Amino acid sequence: MSVFDCHVNRSPVSGRIERIRYHAGTFINADLDKASEDNERNALVILTASGNRVGVVQIAGLIARRIVSFVREGVTIGAGERFGLIRFGSRLDVYLPDGVRPVVAEGQTAIAGETVLADLRALDPGRTFRVG
C-alpha cells in the first residue's frame, strides 16, 4: 500500500482469531521482500469454521510507525470485518492454506472487504465438481 491507500485492515475470512504474535523490527520500505522478515509486524492466524487456517500479517513500512490491532485471541471475526490498521506506507500479507489458488492477479488493486482473494471452498472434502 502506498501512503495514498486506505490502511484499515479487514479480515479475508470469517473465523476465530486463533493466534496473534507481534514482532518488533525496523522500518524499511514495505515494498521490499526483506520487509516481511525485518520490519515491525503483527501476525494473526484465523481458524475458519471448516478448519482451514489463514494467516494475515500487518507489516509497517518506511513511514509507518504504528500498527493497531482491534482484535484479541479467541474473538470471532466476520469476512470483511475490520481487525486493525497500519499508519502510512505499509503492507498486508495474506497466507492461504496449501492447495488454495488465489483468484487475484499480481499487481491488482484489491478493495478491502470487497475483492475476493481465493476460494477456500475448493478444500471442502464434501464439495464436488462437474467436468465438461
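Residues numbered from 1 in each chain as written. Predicted model: local features only at pLDDT ≥ 70, side-chain atom pairs only at ≥ 80, totals over all residues. Heavy atoms only, no water.

### With respect to the overall build of the protein chain
Short version of the rule: Per the convention used, a helix needs a DSSP run of H or I reaching at least four residues, while a strand needs a run of E reaching at least two, with both numbered from the N terminus. Relative accessibility decides the category of a residue: with a 1.4 Å probe and only protein chains considered, values under 20% of the type maximum give buried, values over 50% give exposed, and everything between is partly exposed. Contacts: residue pairs with any heavy atoms within 4.5 Å of one another. Per-residue and other accessible areas were derived by the Shrake-Rupley procedure at a 1.4 Å probe size, with only the shown protein chains allowed to occlude residues.
Across its full length, the protein chain holds one helix and eight strands. Put simply, the protein chain runs from its N terminus to its C terminus through helices and strands in the order β-β-α-β-β-β-β-β-β. Across the 132 residues that make up the protein chain, the buried fraction comes to 33%. Look at the contacts in the protein chain between residues 6 or more apart in sequence, and 62% of them connect residues 24 or more apart. Surface exposure of the protein chain reaches about 8,500 Å², of which carbon and sulfur atoms provide 51%.

### Overview of the environment of I86
The residue I86 is located in strand β7 (residues 82-86) in this model. Taking the C-alpha atoms as reference points, I86 and V8, separated by 78 residues in sequence, lie 6.7 Å from one another.

### Concerning the sheet that holds strand β1 (residues 8-10)
Note the following rule: Two strands are counted as paired when DSSP detects at least two bridges linking them. All axes are obtained by fitting lines to C-alpha atoms, using only the stretch in contact for helices, and the reported angles, taken between N-to-C directions, cover 0 to 180 degrees.
Across the sheet, three strands lie side by side as β1-β7-β5; this open sheet has antiparallel pairing. This sheet does not close on itself; its edge strands, each paired only once, are β1 and β5 (67-69). Strand-to-strand twist of the sheet, defined as the mean angle between neighbouring strand axes without regard to direction, takes the value 25 degrees. Here β1 pairs with β7 via three bridges, running antiparallel. Bridged to N9 within β7 is G84.

### Examining the pairing of β7
In terms of residue burial, β7 counts as a mostly covered element, since four of its five residues are buried. Alignment of β5 against β7, held across three bridges, turns out to be antiparallel. Considered in β7, the bridge of V68 is made with L85.

### Quick word on the pattern of salt bridges
We count it as follows: One speaks of a salt bridge when a side-chain nitrogen belonging to Lys or Arg is within 4 Å of a carboxyl oxygen belonging to Asp or Glu.
Scanning all chains against the criterion turns up two salt bridges. A salt bridge links R53 to E18; its shortest N-O distance comes to 2.7 Å. A residue pair is termed long-range when its members are at least 10 positions apart, and R53 in strand β4 (residues 53-59) and E18 in strand β2 (residues 15-23) qualify at 35 residues. Using a relative accessible area of 45% as the deciding quantity, one classes R53 as partly exposed. Note that R21 and E73 form a salt bridge whose closest N and O atoms lie 3.1 Å from each other. One end of the pair, R21, is in strand β2; the other, E73, is in the loop between β5 and β6 (76-77), and 52 residues separate them in sequence. Under the relative-accessibility criterion, R21 is labelled partly exposed at 37%. The exposure class of E73 is partly exposed, given its relative accessible area of 43%.

### As for the sheet that holds strand β8 (residues 91-95)
Strand order in the open sheet made by the five strands is β6-β2-β3-β4-β8, with antiparallel pairing throughout. If you trace the sheet from one side to the other, it starts and ends with β6 and β8, each paired once. One ladder, built from seven bridges, connects strand β3 (residues 41-47) with β4; its direction is antiparallel. Following the sheet pairing, R41 is matched in β4 by I59.

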